[in-house]
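Architecture and fold: a report
Listed here are the chains, written in short residue letters.
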Amino acid sequence: MLINGWPIRKDAKIFLAALLLVVFMNEYIVYKIQSYRWPTFPDIDRDLNKCQVALLIGDPQLQGYQDESFFPFGMITRWDVDRYLWKTFAHAFDYSQPDVIIFLGDLFDEGSKAFPEEYKSTLDRFQSIFPQTSYMKTIYIPGDNDIGGEDYDIPFQWKRDRYERTFGNVSDLIKFGFVDYAKLDIVSYQLSERKLKDAQDLQKKITSPITVMLNHNLMSVNVKHFVYPITRRLRPKLIFSAHFHTAWLHSCTDCLRDDEYSWDISKQELTYLDSYLTLDMTATNSMFEITVPTASYRMGTPNIGYGLAIISMRY
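A brief structural summary.

Thresholds, definitions, all that
Residues numbered from 1 in each chain as written. Predicted model: local features only at pLDDT ≥ 70, side-chain atom pairs only at ≥ 80, totals over all residues. Heavy atoms only, no water. Disulfide = S-S within 2.5 Å. Buried < 20%, exposed > 50% of the residue type's maximum accessible area, 1.4 Å probe, protein only. Helix = DSSP H or I, 4+ residues; strand = E, 2+ residues; numbered from the N terminus. Contact = heavy atoms within 4.5 Å. Pairing = 2+ DSSP bridges. Axes fitted to C-alpha atoms, helices over the stretch in contact; angles between N-to-C directions. Right-handed = clockwise from strand over helix to strand, strands pointing away.

On to the state of the cysteines, then. A full pass over the atoms with the stated rule returns 1 disulfide. For Cys252, the disulfide goes to Cys255, at an S-S distance of 2.0 Å. Where Cys252 bonds to Cys255 through sulfur, the torsion about that S-S bond is close to 105°, and the disulfide is right-handed. A residue is classified by how much of its surface remains accessible, and Cys252, at 2% relative accessible area, is buried. For Cys255, a relative accessible area of 0% puts it in the buried group.

Written as structure tokens, this is what we have:
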């Protein structure tokens, strides 16, 4: 065998064949194998007035430019994780064909401190990784990496303003089908007057039979009197959150009861589920919170993925 006139030795051909096999496995086969573990998508009525499918993305945290390695290694790591997110999201999207896509915060790893050109470059990458968001119903929730709020990362107003110019209002009520999706700026556990006012404003807009609260930080791990001023106004039957990079279900039978002290919550890890989990949200005071794992392998956890929720009405 000749390449550019030079003979290739037998051991070199074996090496090249092995290299091509590894690339093929890593770039194609491994994704297919993992997708076979997903449960069969149920046969449902795709009527938005009765049922809707939400694809949930937690902590994609596109790598930035300040904390990555120097050239060319930073460029290589950004390219690799971007490609991974693009491929895995494409598989999840094709499988679910969602009605709505929900990003649960920490969209950018350096969103709260990126310089303008860095922010623009990361946004361009984000839109190329998730191109479906240009024509699909998409909801974005801010995380502490987007607008600050964790440890010493101060949530200055300019961070919030930049995020809202790019991804829409931090706090908002989005009506979609028979569901009201309530967004609130709760990336930290500081219950400010502004957050309470936002909750009151959203409460006045709620008209749908089901309210789903969207938040970056986990709500139900807190003492009840801290978050109850918000939950008593929005009365969410279901909360989607992220931040901790793992998949958990928090169930509570009395979380919406009108007192500020009882908060009896059970926990269930969702990492190794091999079928759909059914939740009955008809009980008066019940509330469920599902934390979605990170979608990026750069977050230091071995169990990564996406969340899928099928929300339906019973008549």
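So much for the structure itself; the text now carries on.
Right, let's get into helix H7 (residues 224-234). Burial analysis of H7 places 8 of its 11 residues in the buried class, which makes it a mostly covered element. If you check which residues of H7 are buried, you get Lys224, Val227, Tyr228, Pro229, Ile230, Thr231, Arg233 and Leu234. Considering only its buried residues, H7 is in contact with strand E7 (179-183), helix H6 (193-205), strand E8 (210-214) and strand E12 (287-291). In the segment just after H7, Arg235 is the residue with positive phi, at about 45°.

Attention shifts here to the sheet that holds strand E10 (residues 248-252). Taken together, the 7 strands give an open sheet; going across it, the order is E6-E7-E8-E9-E12-E10-E11, and neighbouring strands pair in mixed fashion. Each end of this open sheet is capped by a strand with a single partner; those strands are strand E6 (172-176) and strand E11 (265-269). The average undirected angle you get between the axes of adjacent strands in this sheet is 20°. Where E8 and strand E9 (residues 238-241) come together, 3 bridges link them in parallel fashion. Paired with Val212 across the two strands is Leu238, which belongs to E9.

Next up on the list: the pairing of strand E4 (residues 100-103). Residues Val100 and Ile102 point to one face of E4 and Ile101 and Phe103 to the other, with burial holding for every one of them. One ladder, built from 4 bridges, connects strand E3 (residues 51-57) with E4; its direction is parallel. Along E4, the bridge assignment pairs Ala54 with Val100. The handedness of the E3 to E4 crossover, carried by helix H2 (residues 73-96), is right-handed. Strand direction decides the pairing type here: E4 and strand E5 (residues 137-140), joined by 4 bridges, are parallel. Counterpart to Val100 in the pairing with E5 is Lys137. Crossover handedness for the path E4 to helix H3 (residues 116-129) to E5: right-handed.

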